[in-house]
Amino acid sequence: MLYHSTRGGSERLTFADALLAGLAPDGGLYMPESVPTLSHDQIRAMRGKPYATVAFEVIHPFVGGTIDDDTLRTIIDGAYGTFRHTAVTPLVQLDERHLVMELFHGRTLAFKDVAMQFLARAMDHVLAERDQRATIVGATSGDTGGAAIDAFLGRERTDMFILYPDGRVSDVQRRQMTTSADGNVHALAIDGTFDDCQRIVKSMFTHTAFREQVALSGVNSINWARIVAQIVYYFTSAVALGAPDRKVSFCVPTGNFGDILAGWVAKQMGLPIDRLIIATNTNDILARTLETGRYEAADVVQTTSPSMDIQVSSNFERLLHAAMGKDSNALGELMSSLKQSGSFTVPEEALEALRSDFSAARAGEDAVATTMKRVLAEQGYVLDPHTAVGVAVAHHVADEENLDPSIPIITLATAHPAKFPAAVEAATGVNPALPPHLADLMERDEHMDRLPNDQKAVEDFVVSKARIAAGGA
Ligand SMILES: Cc1ncc(COP(=O)(O)O)c(C=O)c1O
Ligand SMILES: N[C@@H](CCOP(=O)(O)O)C(=O)O
């Protein structure tokens, strides 16, 4: 199993190399040369198995032997042993047709924990095996940062720098990043949006001298290993509802397009998924793209679902690459157009391919608040605002597109309501409590560095702090 860049660079990497590399030097994202498939018998046999067992079966073919089987099992067991629910990602029925899959039982209360706990252990293993160090730089709109800092806590082979948009994350999210006891972790408040943070991080990967000087690595969903670990819960949830003998649809609160891309890969692997529904908040670039064929960035609007306040969805490039028949040159032209003019037009054939798998809609702020209130009143269940975007869109698309009512729709519950208490309380009157391990979060001391929205300033900071740049072993 080898990986290549969406932009067509000639290098072919193993899973372990792609894991450390993060983003390709040509600015593209790594993709497997082919997607492994699972037969219906293999999928059926997943029923009733523990999450970690299914995780091994799904992840194993992508790893291609670059991590030995016993170590891979240990990594997976360790990762999912950190979850507070034995099912890891349990399903909750909202009504006859709609369910939510709770992805927030990990240490930082967001779906990012599912993949990050795997990624940190896998990366640590590969670095130890090679006796190497790495400098991790990541961009976050709130959740990836906290999850990465927690998962890499105390790992001696990495220094971590997390860029977040100053003033645009919730207090709980910020404190999960700024109260780490680990001296190798740096929370950087950037004077800009998440898109600015992500642009800086991605440009660092194409700055060869810097990349090599600090042995740059990434933990955002531009790293293929993140996607792989996120594929697993599509399988566990679908088989719990009768797959492969029954189809399931998924509705995914979407920003950087990593989570829903994992669902699309699950479908390529043979999981019978009916619709993949992209749910956006007011920052609705993906919903507009599916409707009009124009990918057109607008100014980011701050919403009550801040982790989805994103315009440039990195993983959309992976989907476009497949939808355009892996034509890296044509894809490269679209990406240049995006860089120069902030927009591009999806070729007609590719658009048709996207529409055959995906539906999309947006939920504005009123719909989000109304959905939180309604679901509490009708089902006694408290949604976080991101999940509420998903539930609102799932209902809307089911009605609008007249979807087959016998096919259940699972909305991914991507965060715990306690991460966004102000928005939840304003909509429902309920003030959700943090779990015991975070009970003193709001009293802990905070440490962060404020930096301008400028790649050079961030690179200089990283070089001045990263132990590898100072010749650390
Ligand atoms: C709570 C929450 N929901 C949804 C999303 C969107 O996920 P993705 O970026 O994978 O599309 C994010 C951030 O990525 C998030 O933190
Ligand atoms: N919503 C994310 C944005 C980054 O997403 P990633 O999945 O690419 O790491 C966040 O909360 O940071």
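Residues numbered from 1 in each chain as written. Chains lettered and ligands numbered in written order. Predicted model: local features only at pLDDT ≥ 70, side-chain atom pairs only at ≥ 80, totals over all residues. Heavy atoms only, no water.

## Some thoughts on the overall build of the protein
At step 1: Each helix and strand counted, the protein has 19 helices and 15 strands in total.
At step 2: A compact globule built from 473 residues would reach a C-alpha radius of gyration of about 23 Å, and the protein, at 21 Å, matches this within 12%.
At step 3: Along the three orthogonal principal directions, the C-alpha set of the protein runs to about 60 × 50 × 50 Å.
At step 4: Per-residue burial over the protein gives 62% buried out of 473 residues.
At step 5: Surface summary for the protein: the accessible area is close to 16800 Å², and the carbon and sulfur share equals 48%.
At step 6: Computed over 41 positive and 60 negative side-chain charges, the inter-centroid distance for the protein is 2 Å. (Helix = DSSP H or I, 4+ residues; strand = E, 2+ residues; numbered from the N terminus. Rg over C-alpha atoms; globule rule 2.2 N^0.38 Å. Buried < 20%, exposed > 50% of the residue type's maximum accessible area, 1.4 Å probe, protein only. Areas by Shrake-Rupley, 256 points an atom, 1.4 Å probe, with all protein chains shown as cover. Lys, Arg positive; Asp, Glu negative; His and termini not counted. Charge placed at Lys NZ, Arg CZ, Asp CG, Glu CD.)

## A look at unusual backbone geometry
At step 1: Residue Pro244 is reached from Ala243 by a cis peptide bond, and omega for that bond is 5°.
At step 2: Turning to its location among the elements, Pro244 is positioned in the loop between helix H10 (224-240) and strand S9 (248-253).
At step 3: You will see that Asp131, though not glycine, has its phi angle at about 50°, which is positive.

## Some remarks on the sheet that holds strand S5 (residues 134-139)
At step 1: Spatially, five strands are ordered S8-S5-S6-S7-S15 in an open sheet, and the strand pairing comes out parallel. Both edges of this open sheet fall to strand S8 (216-217) and strand S15 (449-451), since each of them pairs with a single strand only.
At step 2: Sheet analysis places strand S6 (residues 158-165) next to strand S7 (residues 185-190), joined by six bridges and oriented parallel. Among the inter-strand pairings, Met160 is bridged to a residue of S7, identified as Val185.
At step 3: Taken strand by strand, helix H7 (residues 171-178) contacts S6 and S7, and its axis lies near 155° from that of S6.
At step 4: Its contacts with the sheet place helix H8 (residues 194-206) against S5, S6, S7 and S8, and it is angled at close to 150° to S5. (Pairing = 2+ DSSP bridges. Contact = heavy atoms within 4.5 Å. Axes fitted to C-alpha atoms, helices over the stretch in contact; angles between N-to-C directions.)

## Describing the site of ligand 2
At step 1: Neighbouring ligand 2 are 13 residues, the closest being Thr140, Asp143, Thr144, Ser221 and Arg226.
At step 2: One of the side-chain N or O atoms of Thr140 is found 2.5 Å from an oxygen atom in ligand 2.
At step 3: One of the side-chain N or O atoms of Asn256 is found 2.7 Å from an oxygen atom in ligand 2.
At step 4: Notes on ligand 2: free accessible area 340 Å², of which the protein chains cover 96%.
At step 5: For the shell around ligand 2, a count of residues per class yields two nonpolar, eight polar and three charged. (Near = heavy atom within 4 Å. Polar contact = N/O pair within 3.5 Å; in protein donor to acceptor, adjacent residues only side chain to side chain. Nonpolar A, V, L, I, M, F, W, Y, C, P; charged D, E, K, R; others polar.)

## Re the side chain of Ser180
At step 1: Its place among the elements puts Ser180 in the loop between H7 and S7.
At step 2: Within the structure, the side chain of Ser180 is placed 3.1 Å from the backbone nitrogen of Asp182, a separation counted as a polar contact.
At step 3: Excluding residues that lie within four positions of it along the chain, Ser180 makes contacts with Ile149, Leu153 and Val185.

## Comments concerning the sheet that holds strand S3 (residues 91-93)
At step 1: Spatially, six strands are ordered S3-S4-S14-S9-S10-S13 in an open sheet, and the strand pairing comes out mixed. Of all the strands in the sheet, just S3 and strand S13 (358-362) have a single pairing partner and so form its edges. Pairwise comparison of adjacent strand axes, ignoring direction, gives a mean angle of 25° for this sheet.
At step 2: Summarising the sheet, S9 and strand S10 (residues 273-280) pair through five bridges and their orientation is parallel. Opposite Cys251, over in S10, you have Ile277 as the bridge partner.

## Quick word on the site of ligand 1
At step 1: In the region of ligand 1, 15 residues are neighbours, and Lys112, Asp143, Gly255, Asn256 and Thr414 sit closest.
At step 2: In the model, an oxygen atom of ligand 1 is placed 3.2 Å from a nitrogen or oxygen of the Gly258 main chain.
At step 3: Interatomic distance of 3.4 Å between a side-chain N/O atom of Ser307 and an oxygen atom of ligand 1.
At step 4: Alone, ligand 1 offers 380 Å² of accessible surface; in the complex the protein occludes 98% of this.
At step 5: Counted by class, the shell around ligand 1 contains five nonpolar, seven polar and three charged residues.

## Describing the pattern of salt bridges
At step 1: For the structure shown, the criterion picks out 29 salt bridges.
At step 2: Between Arg12 and Glu33 there is a salt bridge, and its shortest N-O distance comes to 2.5 Å. You can see Arg12 sitting in the loop between strand S1 (3-5) and helix H1 (15-21) and its partner Glu33 sitting in the loop between strand S2 (30-32) and helix H2 (40-44), a full 21 residues away along the chain.
At step 3: Look at Arg12 and you get partly exposed, because its relative accessible area is 42%. (Salt bridge = Lys/Arg side-chain N within 4 Å of Asp/Glu carboxyl O.)

## Considering the confidence of the model for the protein
At step 1: Residues with a pLDDT of 70 or more make up 99% of the protein, whose mean pLDDT is 96.
At step 2: For this predicted complex, the interface confidence reaches an ipTM of 0.99, while the overall pTM sits at 0.97. (pLDDT = per-residue confidence, 0-100.)

## Describing the packing of aromatic side chains
At step 1: In this structure the tally under the stated criterion is 12 aromatic pairs.
At step 2: Seen from their ring centres, Tyr51 and Tyr80 are 5.0 Å apart, and the 65° between their planes marks the pair as edge-to-face. With a gap of 29 residues between them, Tyr51 in helix H3 (residues 51-63) and Tyr80 in helix H4 (residues 69-80) connect regions that are remote in the sequence.
At step 3: Each residue in the set Phe257, Tyr295, Phe316, Phe344 and Phe358 is aromatic and connected to the rest through ring pairs, giving one cluster.
At step 4: Of note, Arg73 hangs over the ring of Phe56, and the distance from its end group to the ring centre comes to 4.1 Å. (Phe/Tyr/Trp six-rings, centres within 6.5 Å; stacked < 30°, edge-to-face > 60°. Lys NZ or Arg CZ within 6 Å of the ring centre and 35° of its normal.)

## Some details on the packing of H3 against H4
At step 1: Contact geometry for H3 and H4: axes closest at 10 Å, N-to-C directions at 135°. Relative to H4, the element H3 is oriented oblique. Considering how the two elements wind past one another, H3 and H4 form a crossing that is right-handed. Side by side, H3 and H4 meet where Tyr51, Ala52, Ala55, Phe56, Ile59, His60 and Val63 of the first sit next to Asp69, Leu72, Arg73, Ile76, Asp77 and Tyr80 of the second.
At step 2: Within the contact of H3 with H4, the residues separate by chemical class into nine nonpolar, one polar and three charged. (Parallel < 35°, antiparallel > 145°, perpendicular 65-115°, else oblique. Left-handed = near helix turned anticlockwise from the far one by under 90°.)

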